[in-house]
Amino acid sequence: MSPPSRPPDRPFAGDPLAAEYAATLESRASLVGDVRSRNEFLLQAAHVWELQVGEPQRALIAYERVLEAMPLHEEALAATERLCWELGRWERLATIYQLVIDEVVDPTTRLALYRRKAQVQEDKLGDAEAAFESLKMALVEDVRHDETALELGRVALLAEQRDELVSYCVNLPKEVADEETKVATFVKLGRWFLGMEQPEWASACLNQVLEMRPDHTGALRTLETAYRSQQQWEGLRHLLTRLSTVAKDPGDKKEALLALGELFEKQMGDLSQASESYRWALQIDQLCVVATMGLRRTSQT
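Since the model is a prediction, treat every value here as computed from it, not as a measurement.

Our next topic: the packing of helix H6 (residues 107-124) against helix H7 (residues 128-141). Relative orientation of the contacting elements H6 and H7 amounts to 170 degrees, with a least axis distance of 8 Å. Considering their axes alone, H6 and H7 lie roughly antiparallel with respect to each other. For the crossing formed where H6 meets H7, the hand is left-handed. Along its contact with H6, which presents Pro107, Arg110, Leu111, Tyr114, Arg115, Lys117, Ala118, Gln121 and Glu122, the element H7 presents Ala130, Ala131, Ser134, Leu135, Met137, Ala138 and Glu141. Here the contact of H6 with H7 is built from residues that sort into nine nonpolar, two polar and five charged.

So, about the environment of Ala69. Here Ala69 shows up in helix H3 (residues 56-69). Separated by 178 residues in the primary sequence, Ala69 and Ala247 place their C-alpha atoms 60 Å from one another. Sequence-distant contacts of Ala69, defined by excluding residues within four places in its chain, comprise Val35, Arg38 and Asn39.

Turning our eyes to something else, we now look at unusual backbone geometry. The backbone phi angle of Glu160 is positive, close to 55 degrees, even though this residue is not glycine. Turning to its location among the elements, Glu160 is positioned in the loop between helix H8 (146-158) and helix H9 (162-170). Residues other than glycine seldom take positive phi values, yet Gln231 does so here, at roughly 55 degrees. By secondary structure assignment, the location of Gln231 is in the loop between helix H12 (217-230) and helix H13 (233-246).

The next point concerns the pattern of salt bridges. Taken as a whole and assessed by the stated rule, the structure comprises 22 salt bridges. Measuring nitrogen to oxygen at the nearest pair gives 2.9 Å for the salt bridge that ties Glu141 to Arg110. Separated by 31 residues along the polypeptide, Glu141 in helix H7 and Arg110 in helix H6 bring together distant segments of the chain. Here Asp285 makes a salt bridge to Lys254, at a shortest N to O gap of 3.2 Å. In this pair, Asp285 sits in the loop between helix H15 (271-284) and helix H16 (289-299) while Lys254 sits in helix H14 (residues 250-267), placing the two residues 31 residues apart along the sequence. By relative accessible area, Asp285 is classed as partly exposed at 25%. Look at Lys254 and you get buried, because its relative accessible area is 15%. Counted as one network, the salt bridges with shared partners bring together Glu122, Glu151 and Arg154.

What counts as what
Residues numbered from 1 in each chain as written. Predicted model: local features only at pLDDT ≥ 70, side-chain atom pairs only at ≥ 80, totals over all residues. Heavy atoms only, no water. Axes fitted to C-alpha atoms, helices over the stretch in contact; angles between N-to-C directions. Helix = DSSP H or I, 4+ residues; strand = E, 2+ residues; numbered from the N terminus. Parallel < 35°, antiparallel > 145°, perpendicular 65-115°, else oblique. Left-handed = near helix turned anticlockwise from the far one by under 90°. Contact = heavy atoms within 4.5 Å. Nonpolar A, V, L, I, M, F, W, Y, C, P; charged D, E, K, R; others polar. Salt bridge = Lys/Arg side-chain N within 4 Å of Asp/Glu carboxyl O. Buried < 20%, exposed > 50% of the residue type's maximum accessible area, 1.4 Å probe, protein only.

And the structure:
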């Protein structure tokens, strides 16, 4: 995240009369009942504190008072965000983001604010668990938002929250996530974790897909890679058996049987089962050289 743009130079920094004037504006704001008029006094005070007196801390206080009354005030929010960056007020900035989120209705805006909050929590506060919680809320706003889903997976890995991640995705609110969306989210995360060389996490996500869609060939193929990298041969045997059963395309079915034959032959040492798998592959494609050679090897006893 890049810091917000800086304001103009403070040409009259340190002017004692300007400080007195800013304090007077704040006092007037406290006496005004109308919110808009009070905010006008506070904005003027903030400008004077920052640009003429040279006290951005006092300007930040004035802007925050505006946001307390009107959390969606664009000028005050932009200035507060900028000054928090300048002064390193990271906890305060995260709090401000939540204050605004609580008032915003638009899901796209809420998602963006949750993501900004999460970045501050992770990058500036070093709190991966808090960032994980913020990204969970962001994903609820739009469960099909790819960047948020992958960010959630990355931060979950950082915060060691695999079980919490899986539980969260399983229990995505029904009103915002149908089964198809949950499946897509798990597949996305599973492939991402596999690319990050985290096969155990990938397996946890992809197995959730198979509980909902036992014949999801994409999940089965990706899980095959995860099991191979973990050398989970028994799990791979069950998976390839399932894949050879649910595959609708003859070519896919043959490839699953060939992989199963190779697994029995080279990893599990079961030549009888290997022969059977190669034989079934030949029934699909009688000219398959790999199956023919495999059957010859495993039949020689």
